[in-house]
Amino acid sequence: MRDALVGAAFQLFLERGYEETTVDDIVALAGVGRRSFFRYFPSKEDVVFPDHERCLADMTAFLAEDAGAEDPVRRVCDAARLVLRMYAENPTFSVQRYRLTKKVPGLRAYELSVVWRYERALAEYLRGRSAGARADTLSADVVAAAVVAAHNNALRSWLRSDGTGDADAAVDRALGYVQNTFGPLPAAPVPTEPEDVVVVVSRRGAPMWRVVQEIESAFARG
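Quick look at the structure, then. Owing to the predicted nature of the structure, the values given are computational and were not obtained by experimental measurement.

Cut-offs used in this document
- Within each chain, residues carry numbers counting from 1 in the order of the written sequence.
- Only residues with pLDDT of at least 70 get local features here, since the model is predicted, and only at 80 or more are side-chain atom pairs given and counted; chain-wide, interface and lining totals rely on the full set of residues.
- Based on all heavy atoms of the structure, the side-chain values leave hydrogens and waters out of the count.
- Put simply, DSSP marks the helices as runs of H or I at least four residues long and the strands as runs of E at least two long, and each gets a number from the N terminus on.
- The buried label goes to any residue with under 20% of its type's maximum accessible area, the exposed label to any with over 50%, and the partly exposed label to all in between, with areas taken from a 1.4 Å probe on protein chains only.
- Between two residues, a contact is recorded if the distance between any of their heavy atoms is within 4.5 Å.
- Residue burial considers only the protein chains on display, and all accessible areas are found by Shrake-Rupley using a 1.4 Å probe.
- For a helix, the expected span equals 1.5 Å multiplied by the residue count minus one.
- Two N or O atoms count as a polar contact when they lie within 3.5 Å, although within protein this holds only if one can serve as hydrogen donor and the other as acceptor, and sequence-adjacent residues are included solely when both atoms are side-chain atoms.
- Only one rule defines a salt bridge in this text: a Lys or Arg side-chain nitrogen within 4 Å of an Asp or Glu carboxyl oxygen.
- The pocket and cavity definitions rest on a 1 Å grid over protein atoms only: a 1.4 Å probe that fits but cannot leave marks a cavity, an open set with protein on both sides within 12 Å along at least five of seven lines marks a pocket, and residues lining either have an atom within 4 Å of a point.
- Grid points are joined across faces, edges and corners, and a volume is the space filled by probe spheres set on the points.
- Under the scheme applied, nonpolar residues are Ala, Val, Leu, Ile, Met, Phe, Trp, Tyr, Cys and Pro; charged residues are Asp, Glu, Lys and Arg; polar residues are all the others, including Gly.
- Patch membership needs two things, relative accessible area over 30% and no salt bridge, and members are linked within 9 Å if like-charged or within 5 Å if nonpolar (Val, Leu, Ile, Met, Phe, Trp, Tyr).

## Here's the deal with the overall build of the protein
Here is step 1: Check the secondary structure of the protein and you find 11 helices and 0 strands.
Here is step 2: Listing each helix as α and each strand as β along the protein from the N terminus yields α-α-α-α-α-α-α-α-α-α-α.
Here is step 3: For the protein, the proportion of its 222 residues judged to be buried stands at 41%.
Here is step 4: Counted over contacts in the protein with a minimum sequence separation of 6, partners at least 24 positions apart contribute 68%.
Here is step 5: As displayed, the protein has an accessible area near 13,200 Å², and 53% of this comes from carbon and sulfur atoms.

What follows is the structure in structure tokens.
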């Protein structure tokens, strides 16, 4: 049912245009009622992006599986590859959606909100892996934004080529640039015990054995 609604929607979008197609038109072509449509999609915009909620859930689960041993920058790059995999599963649909989104400002705004949710998930993971200082929070936000920008640059190049070429290789190059630029995030500092400082006052010309004795006595008193 879900796939049938998506198929009907895109058939009408291509034939009539996005703005000219209504939810009633979609359900009529799919042969279902309005209630069935809204059971799967809260709005007409959501039918254009039917797979992002699942992909975001997969990304969040993937990041949560990290036990802390892996380089966090590499981990978020691998998480971004899940988005590429989603697009590559159906190149024809992905290209159609890309062309449609370019034409409809409202869909472009919707897509940007989805991208922001991906970026927020990556940043939250990176902040959890950092030391927690303000500088580390800034680093996490910058790295997350860089991962999303690099991934989307390669992805859009692939979509503009009508889904031809090696999308994996293009994204690997883009994300490799991020890894080489940022590398591992700073680790949390290891607490150290404060060092003791001992000041000894001795008479000028005192023999060395007397100075050593006074130092030993000072340590004994500490």
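Alright, that's what it looks like, and here's the rest.
## Details of helix α10 (residues 167-182)
Here is step 1: For α10, spanning 16 residues, the distance from its first C-alpha to its last is 23 Å, which sits close to the expected 22 Å at 1.5 Å a residue.
Here is step 2: Those residues of α10 that fall on the buried side of the exposure criterion are A167, A170, V171, A174, L175, G176, V178 and Q179.
Here is step 3: Backbone nitrogen of D168 and a side-chain oxygen of the N-cap are separated by 3.2 Å at the start of α10; the cap is D166.
Here is step 4: Count one or two residues on from α10 and you reach G183, which has phi positive near 60°.

## Details of the pattern of salt bridges
Here is step 1: For the structure on display, the rule yields 12 salt bridges.
Here is step 2: Between R129 and D66 there is a salt bridge whose closest N-O contact spans 2.5 Å. With a gap of 63 residues between them, R129 in helix α8 (residues 105-129) and D66 in the loop between α5 (52-64) and α6 (72-88) connect regions that are remote in the sequence.
Here is step 3: R129 sits in the partly exposed class, given a relative accessible area of 24%.
Here is step 4: Under the relative-accessibility criterion, D66 is labelled buried at 16%.
Here is step 5: The residue D172 makes a salt bridge to R81 at a minimum N-O spacing of 2.9 Å. Here the residue D172 occupies a position in helix α10, and R81 occupies one in helix α6, the gap between them amounting to 91 residues.

## Structural notes on empty space enclosed by the protein
The rolling of a water-molecule-sized probe over the atoms marks out the regions of remaining empty space.
Here is step 1: Enumeration over the complete set of coordinates arrives at 2 cavities of 30 Å³ or more.
Here is step 2: The calculated volume of the largest cavity comes to roughly 220 Å³.
Here is step 3: In terms of lining residues, the largest cavity is bounded by 20 residues, among which V83, Y87, V115, N152 and L155 are the most central.
Here is step 4: Broken down by secondary-structure element, the contributors of at least two residues to the lining of the largest cavity are α5, α6, α7 (91-103), α8 and α9 (134-160).
Here is step 5: Here the lining of the largest cavity is built from residues that sort into 12 nonpolar, 5 polar and 3 charged.

## Examining the layout of surface pockets
Here is step 1: By volume, the largest pocket is sized at about 200 Å³.
Here is step 2: In terms of lining, the largest pocket is formed by 13 residues, of which the most central are R2, D3, P50, D51 and F93.
Here is step 3: Contributions of two or more residues to the lining of the largest pocket are made by α1 (2-16) and α7.
Here is step 4: A total of 4 residues in the lining of the largest pocket trace back to one element, the largest contributor, which is α1.
Here is step 5: Across the lining of the largest pocket, the residue classes tally to 4 nonpolar, 3 polar and 6 charged.
Here is step 6: When its volume is computed, the second largest pocket comes out at roughly 160 Å³.
Here is step 7: If you go around the second largest pocket, you meet 13 residues; those closest to its centre are D46, F49, P50, E53 and Y110.
Here is step 8: Of all the secondary structure elements, the ones that give two or more residues to the lining of the second largest pocket are α5 and α8.

## Concerning a nonpolar patch on the surface
Here is step 1: Residues L138, V142 and F182 make up a contiguous nonpolar surface patch of roughly 260 Å² in combined accessible area.
Here is step 2: Assignment of secondary structure puts L138 in helix α9.

## Things to note about the environment of Q96
Here is step 1: Here Q96 lies in helix α7.
Here is step 2: Residues Q96 and V48, spaced 48 residues apart in sequence, show a C-alpha to C-alpha distance of 9.9 Å.
Here is step 3: Aside from chain neighbours lying at most four places away, what touches Q96 is F10 and L14.

Read these as layout, nothing more, since geometry by itself doesn't imply function.
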